[in-house]
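Below are the chains, spelled out letter by letter.
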Amino acid sequence: MSDYLLDESPLSPGVIYRLLSGSICPRPIAWVATQDKQGNANLAPFSFFNVASVNPPVLAFSPLLNGSGEIKDTVRNLSEVAECVVHVGSEALIEALNTTSASLPPGDDEFALAGLDKAAMAGVSVPRIANAPIAFGCKLYDMIRFGDQPLAGTLVLAQVISIHIDDALWDGRHVNMDLLKPVGRLAGSDYIRISDRFAIERPA
């Protein structure tokens, strides 16, 4: 067994990243569309993602600076156009999702790279993925930056103002997991399906 006091330990940010991403899992995947002030669309997946609030509804995801301390297009775009569309990573579109994780020059369109059609999203100017079964149109609530060193995160809080959902997925009370088939991220190149599930009743 080992103990590490991070202020005194020799663990590099890369090692800490592998430890965190390998132990805090599975993580849902936010597939986030943004656009710059010229209207160029961007699409990128982030696995540091979850629900932050229900009333108001707020989603949270955190893009990291790259190894050179440069910000992602998603964060840059949100500073210019304070809107985004958050999709849930799912099995049916996993190859396209993986394609959009490529590092492209600013202004290049990951929708086109992955062969994805755009559709209008209610309430925001940013497009959604046309064939994604669920999407959340969001206005930027806040961004919290944790520094400018490599691998520092920017926590994006995005308030949901509209929802697009395939009627087959939603009965008014439950989302059909067997149709949505969300996937989660583990460490490295590994993903996980939800095909093996179990239920435990919460105590009263």
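Let us look at the structure shown here. (Residues numbered from 1 in each chain as written. Predicted model: local features only at pLDDT ≥ 70, side-chain atom pairs only at ≥ 80, totals over all residues. Heavy atoms only, no water.)

## Focus on helix α2 (residues 73–80)
Considered for burial, the residues of α2 that qualify are D73, T74, V75, N77 and L78. Residues of α2 that are buried make contact with β2 (30–35), β3 (41–46), β5 (57–61), β6 (83–88), β9 (134–145) and β10 (154–165). (Buried < 20%, exposed > 50% of the residue type's maximum accessible area, 1.4 Å probe, protein only. Helix = DSSP H or I, 4+ residues; strand = E, 2+ residues; numbered from the N terminus. Contact = heavy atoms within 4.5 Å.)

## Looking at the environment of M143
Along the polypeptide, M143 turns up in strand β9. Separated by 77 residues in the primary sequence, M143 and N66 place their C-alpha atoms 17 Å from one another. Ignoring sequence-local partners within four residues, the contact set of M143 consists of V75, L78, S79, T154, L155 and V156.

## Some thoughts on the side chain of S62
Here S62 lies in the loop between β5 and α2. Of the polar contacts made by the side chain of S62, one reaches the backbone oxygen of T154; its length is 3.4 Å. (Polar contact = N/O pair within 3.5 Å; in protein donor to acceptor, adjacent residues only side chain to side chain.)

## Considerations on the nonpolar core
The nonpolar side chains of a soluble globular protein tend to be buried, and buried together. Membership of the largest hydrophobic core comes to 20 residues, with the highest contact counts inside it found for V32, L59, F61, C84, V86 and C138. Counting only elements with at least two residues in this core, the list comes to β2, β3, β5, α2, β6, β9 and β10. Broken down by element, this core gets its largest block of residues, four residues, from β9. When near neighbours in sequence (up to four residues on either side) are disregarded, C84 contacts V32, A33, T34, F61, L78, V126, F136, G137, C138 and A158. With 19 residues, the next largest nonpolar core counts I29, L43, I129 and V183 among its residues. (Core = buried A, V, L, I, M, F, W, Y, C linked by side-chain atoms within 4.5 Å.)

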